[in-house]
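# Survey of secondary and tertiary structure
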2 protein chains.
Amino acid sequence: MPTRKFETVISLRDIKVACQECSLKEICLPVGIGQEDLDRLDAIIDRKRPLARGDHLFRVGDGFQSIYAVRSGSLKTYTTSQDGQEQVMGFQLPGELVGLDAIAEDSHPLAAKALETTSVCEIPFTDLESLSGQIGGLQRQLLRVMSQEIRDDEHNMVILGQKSAEQRLAAFLISLSNRFRRRGFSATQFNLSMSRSDIGNYLGLALETVSRLFTRFQNEGLLRVDRKHIELLDREKLCTYSGAQCAEDDVLQAEPNN
Amino acid sequence: MPTRKFETVISLRDIKVACQECSLKEICLPVGIGQEDLDRLDAIIDRKRPLARGDHLFRVGDGFQSIYAVRSGSLKTYTTSQDGQEQVMGFQLPGELVGLDAIAEDSHPLAAKALETTSVCEIPFTDLESLSGQIGGLQRQLLRVMSQEIRDDEHNMVILGQKSAEQRLAAFLISLSNRFRRRGFSATQFNLSMSRSDIGNYLGLALETVSRLFTRFQNEGLLRVDRKHIELLDREKLCTYSGAQCAEDDVLQAEPNN
DNA sequence: CAAATTCATTGATCTATATCAATATTTAAA
DNA sequence: TTTAAATATTGATATAGATCAATGAATTTG
């Protein structure tokens with residue numbers, strides 16, 4: 001919840017913040033990169049000033065220059081079909097990357113819009129590319145990140161392809177919870193920066209269905225909802241509801257390397 | 001339709017076939033790689049003997065060693081959820097790659113099974129990785145291919161998230177048609193190597209729905225179906241049905257660089 | 001070649017979830 | 001603060017497509 005005033009403070013201060021100090025460094029570039037190489041990587045990363053809610057980081061068709069890492073806040077990515085129908089493709093939380101799908105054709109197939117005040121790191125791709133030719137660990141990490149994204153998308157396919165509304169929303173909440181936790185936020189209490197309509201669109205459900213499910217989950221004692229605020233009361237049961245192997249997820253994703 | 005006899009012939013002959021002669025070379029490694037580099041790449045690629053229908057190329061949880069390019073035939077990739085329910089994630093046609101989703105965790109999240117007699121090139125990943133550190137064009141191409149895969153998965157999300165049964169099947173057929181054409185096969189006449197059930201599963205539909213739609217499309221004069229054989233009679237109308245920007249697709253994907 | 005198995009088609013019915021509609025709440029604007 | 005515009009909730013109804021069920025090809029097996 002940075003204020004306008006805060007904005008200018010950030011731009012003064014952040015410009016000097018190095019990757020080493022960035023809370024996201026294990027996520028952006030986890031493994032096997034030495035201090036020296038890290039400095040080189042740091043040198044190419046550009047810290048932009050925050051986006052306001054509703055601002056676009058990029059739009060469909062924009063030329064591809066950079067990938068971005070969310071530092072704080074959140075984004076949604078989406079397309080609009082020719083009949084004006086919007087399809088939400090994903091939500092990006094702190095520590096997550098956007099824009100990897102633009103490499104193939106040198107242009108962004110999705111738009112990315114800030115759901116709240118959001119700041120990102122910009123990583124110019126040509127620099128990253130040439131650097132990753134020199135630093136083995138970086139190349140590998142880049143491939144891993146992309147591979148993981150493919151995997152996540154496959155997971156979404158399963159959800160959209162054969163899960164019930166109830167399972168979809170449960171899985172969505174568990175996924176958010178895991179992602180928050182991994183970044184050091186609370187796994188049981190968080191704010192949804194996206195609207196019910198965004199959630200529904202993302203999950204292939206009507207927004208009314210999402211709303212009804214929230215009330216139902218609340219009545220069943222699984223969680224507490226207050227507008228945007230969510231408190232998960234029975235994570236385990238929610239996992240069961242999601243019909244997924246998310247106990248496994250818990251083990252694998254909980255505090256991976258702290 | 002290679003026979004058993006043919007199999008041994010292949011193994012004798014293929015072992016000498018170089019990437020340069022491979023009809024897939026523009027697909028596997030399209031751009032900006034010189035002859036010399038191509039030889040180096042060729043040296044690491046292993047040509048395996050064909051898989052029979054039903055054989056697995058790899059299974060869920062198998063350690064990740066290589067990615068594979070389909071040379072002939074076709075594969076399906078799928079997972080099985082804990083309740084035994086299968087989810088088909090994709091079909092791979094000649095010239096397409098499988099296994100990119102295994103890089104992230106060093107193990108295959110999906111199984112890959114031959115839908116018919118199928119031969120593949122095996123590309124050991126560590127070799128590919130070190131080579132791509134040396135050959136700029138290769139690194140870039142690898143990233144492009146992965147990026148494209150993310151894009152394709154995003155496209156699938158749109159289809160599963162908000163298209164009707166009719167639109168899904170139409171889009172599926174158009175996609176197959178485009179992919180066949182790009183590889184030099186007929187765009188209007190082809191065989192489905194997968195069952196109705198596989199198609200339905202992939203599209204998030206019941207197999208009965210798929211069957212009904214085939215008959216309906218046929219009655220409307222859009223296509224002719226005879227068991228596995230498909231002949232597209234009105235591609236344009238099918239595009240309209242799919243509710244997609246596939247006229248665009250046609251332009252972009254038709255014979256990209258011949 | 002017959003028997004068994006798998007796969008596909010077609011019909012009848014049921015249901016999860018969309019859609020339509022009204023109201024309430026929150027946020028933004030004036 | 002008042003008004004306007006989003007956004008969310010809740011209810012009533014409609015429907016696309018699932019599920020159940022029976023039959024008919026095709027393919028595989030012994």
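Check the entry above for the structure.
Counting restarts for each chain: residues are numbered from 1 in the order of the written sequence. Naming scheme: in the order in which they are written, chains are lettered from A and ligands are numbered from 1. Selection of residues for local features in this predicted model requires a pLDDT of at least 70, selection of side-chain atom pairs for listing and counting requires 80 or more, and totals for whole chains, interfaces and linings are taken over all residues. Each side-chain value is worked out from all heavy atoms of the structure, with water and hydrogens disregarded.

Once that is clear, we can look at the relation of the copies chain B and chain A. A least-squares superposition brings the copies together, and it is based on the C-alpha atoms of residues with pLDDT no lower than 70 in both. Relative to chain A, chain B is turned by 180 degrees and slid 0.0 Å along the rotation axis, the superposed coordinates differing by an RMSD of 0.0 Å. Taken together, the rotation and translation describe the operation of a two-fold axis.

This part covers the protein's contact with DNA strand C. Close to DNA strand C lie 19 residues, the nearest being Ala165 and Thr209 of chain A together with Arg196, Arg212 and Thr215 of chain B. Backbone atoms, meaning sugar and phosphate, form 67% of the atoms of DNA strand C found within 4 Å of the protein. Definition of a polar contact: a pair of N or O atoms within 3.5 Å, with one able to donate and the other able to accept a hydrogen when the atoms are protein atoms, and with sequence-neighbouring residues admitted only if both atoms are side-chain atoms. Within the side chain of Arg196 of chain B, a nitrogen or oxygen atom sits 2.8 Å from a phosphate oxygen of DNA strand C. In this structure, Thr215 of chain B approaches DNA strand C through a side-chain N or O atom, which is 3.3 Å from a phosphate oxygen. The leading source of residues in the surface near DNA strand C is helix H8 (residues 207-219) of chain B, at five residues. One heavy atom suffices: a residue is near a molecule or strand as soon as one of its heavy atoms comes within 4 Å of it. A run of H or I in DSSP counts as a helix once it spans at least four residues, and a run of E counts as a strand once it spans at least two, with each numbered from the N terminus.

This part is about the protein's contact with DNA strand D. Looking at DNA strand D, there are 20 residues lining it, with Arg196, Arg212 and Thr215 of chain A together with Ala165 and Thr209 of chain B nearest. Within 4 Å of the protein, the contacting atoms of DNA strand D are drawn from sugar and phosphate to the extent of 66%. At a separation of 2.8 Å, a phosphate oxygen of DNA strand D approaches a polar side-chain atom of Arg196 of chain A. At 3.1 Å from a phosphate oxygen of DNA strand D is found a main-chain nitrogen or oxygen belonging to Ala206 of chain B. The element contributing the most residues to the surface near DNA strand D is helix H8 (residues 207-219) of chain A, with five residues. In this classification, the charged set is Asp, Glu, Lys and Arg, the nonpolar set is Ala, Val, Leu, Ile, Met, Phe, Trp, Tyr, Cys and Pro, and all remaining amino acids, among them Gly, are polar. Its residues assigned to classes, the surface near DNA strand D shows four nonpolar, seven polar and nine charged.

Turning our attention to the interface of chain B and chain A. Residues count as neighbours in contact if any of their non-hydrogen atoms are within 4.5 Å of one another. Contacts between the two partners involve 47 residues from chain B, matched on the other side by 47 residues from chain A. Note on terms: buried area is the combined drop in 1.4 Å-probe accessible area of two parts once they are placed together, counting the loss on both. Together, the buried faces of chain B and chain A total about 4200 Å²; carbon and sulfur atoms form 53% of this surface. The largest per-residue losses of area from chain B upon contact with chain A belong to Leu143, Arg151 and Met157 of chain B, which jointly make up 17% of the total buried on that side. Whenever Lys or Arg places a side-chain nitrogen within 4 Å of a carboxyl oxygen from Asp or Glu, that contact is recorded as a salt bridge. Our enumeration of links across chain B and chain A arrives at four salt bridges. Between Asp106 of chain B and Arg144 of chain A there is a salt bridge whose closest N-O contact spans 3.4 Å. Across the contact surface, chain B and chain A share 27 residue pairs in polar contact (both at pLDDT 80 or more). When contributions to the side of chain B that touches chain A are tallied by element, the ones reaching two or more residues are strand E5 (86-92), helix H4 (125-134), helix H5 (136-162) and helix H7 (196-203) of chain B. Looking at which element gives the most residues to the side of chain B that touches chain A, the answer is H5 of chain B, with 19 residues. Partitioning the side of chain B that touches chain A into residue classes produces 18 nonpolar, 18 polar and 11 charged.

Along the chain, Thr79 of chain A turns up in strand E4 (residues 75-80). Burial classification: accessible surface area is computed with a 1.4 Å probe over protein chains only, and a residue below 20% of its type maximum counts as buried, one above 50% as exposed, and the rest as partly exposed. Since its relative accessible area comes to 19%, Thr79 of chain A is described here as buried. In contact with Thr79 of chain A, other than residues within four places in its own chain, are Gln85, Glu86, Gln87, Pro109 and Leu110 of chain A together with Val158 of chain B.

The subject of this paragraph is the sheet that holds strand E10 (residues 223-226) of chain A. All names here are of chain A. Two strands make a pair as long as DSSP finds a minimum of two bridges between them. Ordered by their spatial adjacency, three strands build an open sheet running E9-E11-E10, and the pairing between neighbours is antiparallel. Where the open sheet ends on each side, the last strands, each with one partner, are strand E9 (189-191) and E10. Averaged over all neighbouring strand pairs, the angle between strand axes comes to 15 degrees, with direction disregarded. Pairing of E9 with strand E11 (residues 229-232), which is carried by three bridges, proceeds in the antiparallel orientation. Along E11, the bridge assignment pairs Gln189 with Glu231. Whenever a helix is involved, its axis is fitted only over the stretch in contact; in every case the axis is a line through C-alpha atoms, and angles between N-to-C directions fall within 0 to 180 degrees. The sheet contacts of helix H6 (residues 165-182) involve E9, E10 and E11, and relative to E9 the element is tilted by about 100 degrees. In this fold H8 packs onto E10 and E11, with an angle of close to 135 degrees to the strand it touches most, E10.

The next point concerns unusual backbone geometry. A positive phi angle is found at Arg227 of chain A, which is not glycine, with a value near 55 degrees. Overall, Arg227 of chain A belongs to the exposed group, its relative accessible area being 68%.

To define a nonpolar core, start from buried Ala, Val, Leu, Ile, Met, Phe, Trp, Tyr and Cys residues and group those joined through side-chain atoms within 4.5 Å. Leu169 and Phe172 of chain A together with Leu169 and Phe172 of chain B are the most contacted members of the largest nonpolar core, which totals 70 residues. When near neighbours in sequence (up to four residues on either side) are disregarded, Phe172 of chain B contacts Phe91, Met194, Ile199, Tyr202 and Leu203 of chain B. Within the second largest apolar cluster, 41 residues are counted, among which are Ala69, Ile103 and Met146 of chain A together with Ile103 of chain B.

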